[in-house]
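Okay, here's what each chain looks like letter by letter:
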Amino acid sequence: MPLIVSVGAVLCAGELGAACFLGGGLFLDGTGTGCEESGKRTAQVSSASVVPPPPVGATLLEGHEEAGSECMEDSGAPWLAVDRHYRFTGDREAVVIHYRRVAEKGGWTSSGPESADASASEAPSDVCFEKDLAGAPALLRLHFESTRTFLLSVESSLDGEPMEC
């Protein structure tokens, strides 16, 4: 009798596991499992109310006048990014101070001690902020590409996991 129960339990567990895997057992938040289903999340992330405005004196970099959006699956976990490239005439410190201020007003919080604790002049090349956006985590990344250009991106994983700076 114990052998019959054990074999039955194993078969039942195997069927349950297969049903979970084949039936969508990845438990995503409804935004899709891959880039081909990412349209709704891309629209949420690229909304004008989500992407903070640039500081005074920053202009869109030539050739990047439109926001670029990209969905990537190269790491195994699909994620998307909406990018804006800017040229600025002021100093880097003014850009960091601006984005810290507007990010806080927009409900973003500093992501990691490097983004929060460093003085604006000593901030790392990536300064990041995070918040929950339409039920899933999003990351706002300020990345200095050179002494006079920076990239502002809003990023989100499609599996509901927080993005790292």
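This structure is a prediction, so every number in the text was calculated from the model and none was measured. (Residues numbered from 1 in each chain as written. Predicted model: local features only at pLDDT ≥ 70, side-chain atom pairs only at ≥ 80, totals over all residues. Heavy atoms only, no water.)

**Student:** Give me the lowdown on unusual backbone geometry, citing residues and values where you can.
**Tutor:** Here Ala134, not a glycine, exhibits a phi torsion of approximately 55 degrees, which is positive. Inspection of the secondary structure assignment puts Ala134 in the loop between β5 (126-133) and β6 (136-144). We classify Ala134 as exposed; its relative accessible area is 57%. (Helix = DSSP H or I, 4+ residues; strand = E, 2+ residues; numbered from the N terminus. Buried < 20%, exposed > 50% of the residue type's maximum accessible area, 1.4 Å probe, protein only.)

**Student:** How would you sum up the packing of aromatic side chains? Please name residues and give values.
**Tutor:** As enumerated under the stated definition, the model contains 5 aromatic pairs in all. Plain terms: the ring middles of Phe88 and Phe144 are 6.1 Å apart, the flat faces sit at 70 degrees to each other, and that makes the pair edge-to-face. Taken together, the residues Phe88 in strand β3 (residues 79-88) and Phe144 in strand β6 connect sequence positions 56 residues apart. Here Phe88 falls in the buried class, since its relative accessible area comes to 3%. Given a relative accessible area of 7%, Phe144 falls into the buried group. A ring pair is formed by Tyr99 and Phe150, whose centres lie 5.8 Å apart and whose planes are at 70 degrees; its orientation type is edge-to-face. Here the residue Tyr99 occupies a position in helix α3 (residues 92-105), and Phe150 occupies one in strand β7 (residues 149-157), the gap between them amounting to 51 residues. We note that Tyr99, like Phe150, is buried. By the ring-pair criterion, three or more aromatic residues cluster together here, those being Tyr86, Phe88, Tyr99, Phe144 and Phe150. Cation over ring: Arg92 sits above Phe144, and NZ or CZ is 4.4 Å from the ring centre. (Phe/Tyr/Trp six-rings, centres within 6.5 Å; stacked < 30°, edge-to-face > 60°. Lys NZ or Arg CZ within 6 Å of the ring centre and 35° of its normal.)

**Student:** Give a detailed account of the confidence of the model for the chain, specifying residues and quantitative values.
**Tutor:** Taken as a whole, the chain shows an average pLDDT of 75; of its residues, 72% reach a score of 70 or greater. Confidence drops under a pLDDT of 50 for residues 1-32, and excluding neighbours within four residues, the segment shows 15 contacts in the predicted structure. (pLDDT = per-residue confidence, 0-100. Contact = heavy atoms within 4.5 Å.)

**Student:** Provide a residue-level description of the state of the cysteines, including the pertinent values.
**Tutor:** Under the defined criterion, the tally for this structure stands at 2 disulfides. There is a disulfide in this structure between Cys35 and Cys71, and the S-S distance comes to 2.1 Å. In this structure the cystine formed by Cys35 and Cys71 twists about its S-S bond by roughly -85 degrees; its chirality is therefore left-handed. A residue pair is termed long-range when its members are at least 10 positions apart, and Cys35 in the loop between α1 (2-22) and α2 (39-46) and Cys71 in strand β2 (residues 68-72) qualify at 36 residues. Take Cys71: its relative accessible area is 25%, and that puts it in the partly exposed class. Here Cys128 connects covalently by a disulfide to Cys165, the sulfurs 2.0 Å from one another. Taking the sign of the S-S torsion, about 70 degrees here, the bridge from Cys128 to Cys165 comes out right-handed. Residue Cys128 is located in strand β5, and its partner Cys165 is located in the segment after β7; the two are separated by 37 residues in the primary sequence. Disulfides within the chain link the bonded cysteines, taken in sequence order, as 1-2, 3-4. (Disulfide = S-S within 2.5 Å.)

**Student:** Give me the lowdown on the nonpolar core, citing residues and values where you can.
**Tutor:** Grouped together as the largest cluster of nonpolar side chains are 25 residues, with contacts concentrated most on Tyr99, Trp108, Leu142 and Phe150. In terms of residue count, α3 provides more of this core than any other element does, 5 residues in total. Once residues within four sequence positions are removed from consideration, Phe150 is found in contact with Pro55, Ala58, Arg84, His85, Tyr86, Phe88, Val95, Tyr99, Leu142, His143, Phe144 and Glu145. (Core = buried A, V, L, I, M, F, W, Y, C linked by side-chain atoms within 4.5 Å.)

**Student:** For the pattern of salt bridges, give the residues involved together with the corresponding values.
**Tutor:** One pass over the structure, following the stated rule, counts 2 salt bridges. A salt bridge links Asp126 to Arg141, with the shortest nitrogen-to-oxygen separation between them at 3.0 Å. Taken together, the residues span a long stretch of sequence, with Asp126 in strand β5 and Arg141 in strand β6 at a distance of 15 residues. When its relative accessible area of 13% is taken as the criterion, Arg141 is described as buried. (Salt bridge = Lys/Arg side-chain N within 4 Å of Asp/Glu carboxyl O.)

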